[in-house]
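As a plain string of letters, each chain reads:
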Amino acid sequence: MRKPIIAGNWKMNKTAAECRALLTELAPKVKNATCDVVVCVPFTDIALAAELCKGTGIAVGAQNIAWAESGAFTGEISAAMLKEAGAQYVIIGHSERRQYFGETDATVNSRLVRALEHGFTPIVCVGETLDEREGGKTENVCKTQVEGAFKGVSADDAAKTVIAYEPVWAIGTGKTATDDQADETIGYIRSVVRSLYGDAVADGMRIQYGGSMNAKNVEGLMAKPQIDGGLIGGASLKAEDFAYIVNSASK
Ligand code: PGA
């Protein structure tokens, strides 16, 4: 029913030359994918990646988007700029943005609204820290983040959005949530979406897992009913690993 979506989050990695090398190697390896395949690349790689991905079935995404249309916002990149460069997807509210760059549920919401207005497919990230999980606050944190992100967003727009559940303690640590932990929390996030938007949106929305997802654990995670794909950091930087994940999610 829900088409799986595997998205690479390159973070602050890969110069244009390195982007070219990685995508040239990746494209033939994922040519038979039946899931959606996305690479969310640094801003400086977007135009090149869009050019290289033409006709490959791989879509290109950005890792952030400005909430303003244009103007005096030094260091920000607008929806129009991303669109013209060839991005179709955009990651919003990644925990690294929340942790290091002051992103809040309110700024995530403004960015999400702007992204939807411009026809992007947003990937909204939510997830708890280790302290929050150990303190039994996982569900509360995810609920607050989802409700905050989707404030004022219509059901039609929500239906176009992907959520990535990324427990902060699993990101880049090699510590994956167990299949059951990921499935359970994603099921909970779906119930939050259900209470906001009803059955059709909740049952149709793709919710990915992210956090040290790799070639070794992809099969177990993807076998779980609530998990509709992955947002892949470290393992998206090597063509072979990322292709393995894409092809597993295509089974
Ligand atoms: P990781 O990153 O796969 O390196 O843990 C995932 C993410 O932060 O999106």
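Residues numbered from 1 in each chain as written. Predicted model: local features only at pLDDT ≥ 70, side-chain atom pairs only at ≥ 80, totals over all residues. Heavy atoms only, no water.

Student: Lay out the site of the ligand in plain terms, naming residues and giving numbers.
Tutor: Surrounding the ligand, one finds 13 residues, the nearest of these being Lys11, His94, Glu166, Gly172 and Ser212. One nitrogen or oxygen atom from the side chain of Asn9 is found 3.3 Å from an oxygen atom belonging to the ligand. Its free accessible area being 280 Å², the ligand has 95% of it covered by the protein chains. Across the shell around the ligand, the residue classes tally to four nonpolar, seven polar and two charged. (Near = heavy atom within 4 Å. Polar contact = N/O pair within 3.5 Å; in protein donor to acceptor, adjacent residues only side chain to side chain. Areas by Shrake-Rupley, 256 points an atom, 1.4 Å probe, with all protein chains shown as cover. Nonpolar A, V, L, I, M, F, W, Y, C, P; charged D, E, K, R; others polar.)

Student: Please provide a residue-by-residue account of the pairing of strand E3 (residues 58-62), values included.
Tutor: In terms of burial, E3 is largely enclosed, as five of its five residues are buried. Alternating residues of E3 divide into Ile58, Val60 and Ala62 and Ala59 and Gly61, and every residue in both groups is buried. Across four bridges, the pairing between strand E2 (residues 36-40) and E3 is parallel. Bridging from a neighbouring strand, Val38 pairs with Ala59 of E3. With respect to chirality, the unit in which E2 leads through helix H2 (residues 46-53) into the neighbouring parallel E3 is right-handed. Bridge analysis of E3 against strand E4 (residues 89-92) gives two bridges, and the strand direction is parallel. For Ala62, the partnering residue across the bridge sits in E4 and is Val90. (Buried < 20%, exposed > 50% of the residue type's maximum accessible area, 1.4 Å probe, protein only. Helix = DSSP H or I, 4+ residues; strand = E, 2+ residues; numbered from the N terminus. Pairing = 2+ DSSP bridges. Right-handed = clockwise from strand over helix to strand, strands pointing away.)

Student: Just give me the short version of the sheet that holds strand E1 (residues 5-9), but keep the residues and values in it.
Tutor: Overall, parallel pairing links the eight strands, which are arranged E1-E2-E3-E4-E5-E6-E7-E8 in a closed barrel. Strand-to-strand twist of the sheet, defined as the mean angle between neighbouring strand axes without regard to direction, takes the value 25 degrees. Taken together, the three bridges between strand E6 (residues 162-165) and strand E7 (residues 207-210) define a ladder with parallel strand orientation. In the sheet register, Ile163 faces E7, and the bridge partner there is Ile207. (Axes fitted to C-alpha atoms, helices over the stretch in contact; angles between N-to-C directions.)

Student: Before we move on, could you go through the nonpolar core and cite the residues and values that matter?
Tutor: Within the largest apolar cluster, 69 residues are counted, with the highest numbers of intra-cluster contacts made by Leu26, Val39, Phe150, Ile163 and Tyr209. Element by element, the count of residues in this core is highest for helix H9 (residues 179-197), at seven residues. If near-sequence neighbours (up to four positions away) are discounted, Ile163 is found in contact with Val124, Val126, Val146, Phe150, Ile189, Val193, Met205, Arg206, Ile207 and Gln208. Formed by 12 residues, the second largest nonpolar core is a distinct cluster that contains Val38, Cys40, Ala59 and Ile91. (Core = buried A, V, L, I, M, F, W, Y, C linked by side-chain atoms within 4.5 Å. Contact = heavy atoms within 4.5 Å.)

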